[in-house]
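So you can see what is in the structure, the chains are spelled out below.
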Amino acid sequence: MKAIAAAGPARIVLLDSSEHNLFVIHRYLEEAYADVPHEAILGTVTDGGLLNSVIGRFRPSVVYHAAALKHVPLLELNPLAAVHINAIGTYTLAQATRHHGVPAMVLVSTDKAVNPHSIMGASKRLAELTVAALSGPQCRMNAVRLGNVMGSTGSVVPIVLGQISKGGPVTVTHPEASRYFMMPQDAVKAILAAGAAECDGRILLPELGAPENIAELVKHLIEGAADGSRNKIPVRFIGLRPGEKLTEDLLFQTESREGSADGGLAVIRTPSLAPAELHGLMARIGCLIAGGDLAGLIETICEAVPEYRPSSLIGRAQR
């Protein structure tokens, strides 16, 4: 938000389902960027009436869609909510964006959407398929696929630092587990560059480098402890939790790179659905969620995202 405000936009419209988060951001803009007009709207991306009202009123030039549920273990316990917000929410927003002719929409996606083992990843892949299907020259929609953003809410670093501050133990899933990491400023740069990209219906991938071993990262964080307790803090391996993978992928086998965009983004062509197919898929998913039919929902997602491998926890929930 700071980067957008600093660029001097004509207006910023904030929409958040969290009253606290909306209050904090709204207050920050009032204090730090009082000269930038802004609106704070409490609501959710699944409310089509609200989205149409807001977009129709303010006519934004670009929509940045970062609203998502993202905590893998928690969402394995709440799969209906995960798909409702991440997939149906994206579809609802994309429909409103296209209806009002917004020039550009950026979906903030994740590497967990690739070959997903979690309902979070599968739901984000459905979101990617949505923008790929509904994009067009009059309303360019792209998804920017990020790695783990260091220090973001729920990311591994704040959790580890909290465990270190309590004297441990520091929990790590697996000694060979690794993730792609990126600094917050690099994530912001990628998102803003995606909003200016001239392509449409594509996945935009920043340069993420090599994945980093989480156990090694934890070791460095413990060594950096300033209170002299570094030799007393134990590390405990707890095993991969349902929905988690040993390492993440950046591309599906069916995807191909077709060039690059400003900001160091690779432009990736991804398989897409026809708009009519997407409408039918989302209508079915919406009905299954409304009816609480988890088994039917997972079956439908597996058909739409054949690379999805539901976890044992989701499997038990279906029985």
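Everything discussed here concerns the structure shown above.
Bear in mind that the values here come from a model prediction, so they are computed numbers and not experimental data. (Residues numbered from 1 in each chain as written. Predicted model: local features only at pLDDT ≥ 70, side-chain atom pairs only at ≥ 80, totals over all residues. Heavy atoms only, no water.)

Enquirer: So, the environment of Pro271: which residues are in play, and what are the values?
Expert: Mapping Pro271 onto the fold places it in the loop between β14 (265-269) and α10 (275-290). With residues near it in sequence (within four places) discarded, Pro271 still touches Arg125, Leu129, Thr254 and Glu255. (Helix = DSSP H or I, 4+ residues; strand = E, 2+ residues; numbered from the N terminus. Contact = heavy atoms within 4.5 Å.)

Enquirer: Outline the pairing of strand β5 (residues 140-146), listing residues and values.
Expert: Judged by how many residues are buried, β5 sits mostly within the fold: 7 of 7 residues are covered. Residues Arg140, Asn142, Val144 and Leu146 of β5 are buried on one face, and the alternating residues Met141, Ala143 and Arg145, pointing to the opposite face, are buried as well. In terms of strand pairing, strand β4 (residues 104-110) meets β5 through 7 bridges, oriented parallel. Bridge pairing links Ser109 to Arg145 in β5. One crossover worth recording links β4 to the parallel β5 by way of helix α6 (residues 119-134), and it is right-handed. Where β5 and strand β10 (residues 203-205) come together, 2 bridges link them in parallel fashion. Counted as the bridge partner of Val144 is Leu204 from β10. (Buried < 20%, exposed > 50% of the residue type's maximum accessible area, 1.4 Å probe, protein only. Pairing = 2+ DSSP bridges. Right-handed = clockwise from strand over helix to strand, strands pointing away.)

Enquirer: Lay out the pattern of salt bridges in plain terms, naming residues and giving numbers.
Expert: Between side chains of opposite charge, pairing is possible as soon as their charged atoms come close. Per the stated rule, a full pass over the model turns up 13 salt bridges. Of the charged contacts in the structure, one is a salt bridge between Asp249 and Lys245, with a shortest N-O distance of 3.3 Å. By relative accessible area, Asp249 is classed as partly exposed at 28%. The class for Lys245 is buried, based on a relative accessible area of 8%. (Salt bridge = Lys/Arg side-chain N within 4 Å of Asp/Glu carboxyl O.)

Enquirer: Describe the side chain of Thr173, listing the residues and the values that go with them.
Expert: The topology assignment puts Thr173 in the loop between β7 (170-172) and β8 (178-179). In contact with Thr173, other than residues within four places in its own chain, are Phe237, Ile238, Gly239, Leu240, Arg241 and Glu244.

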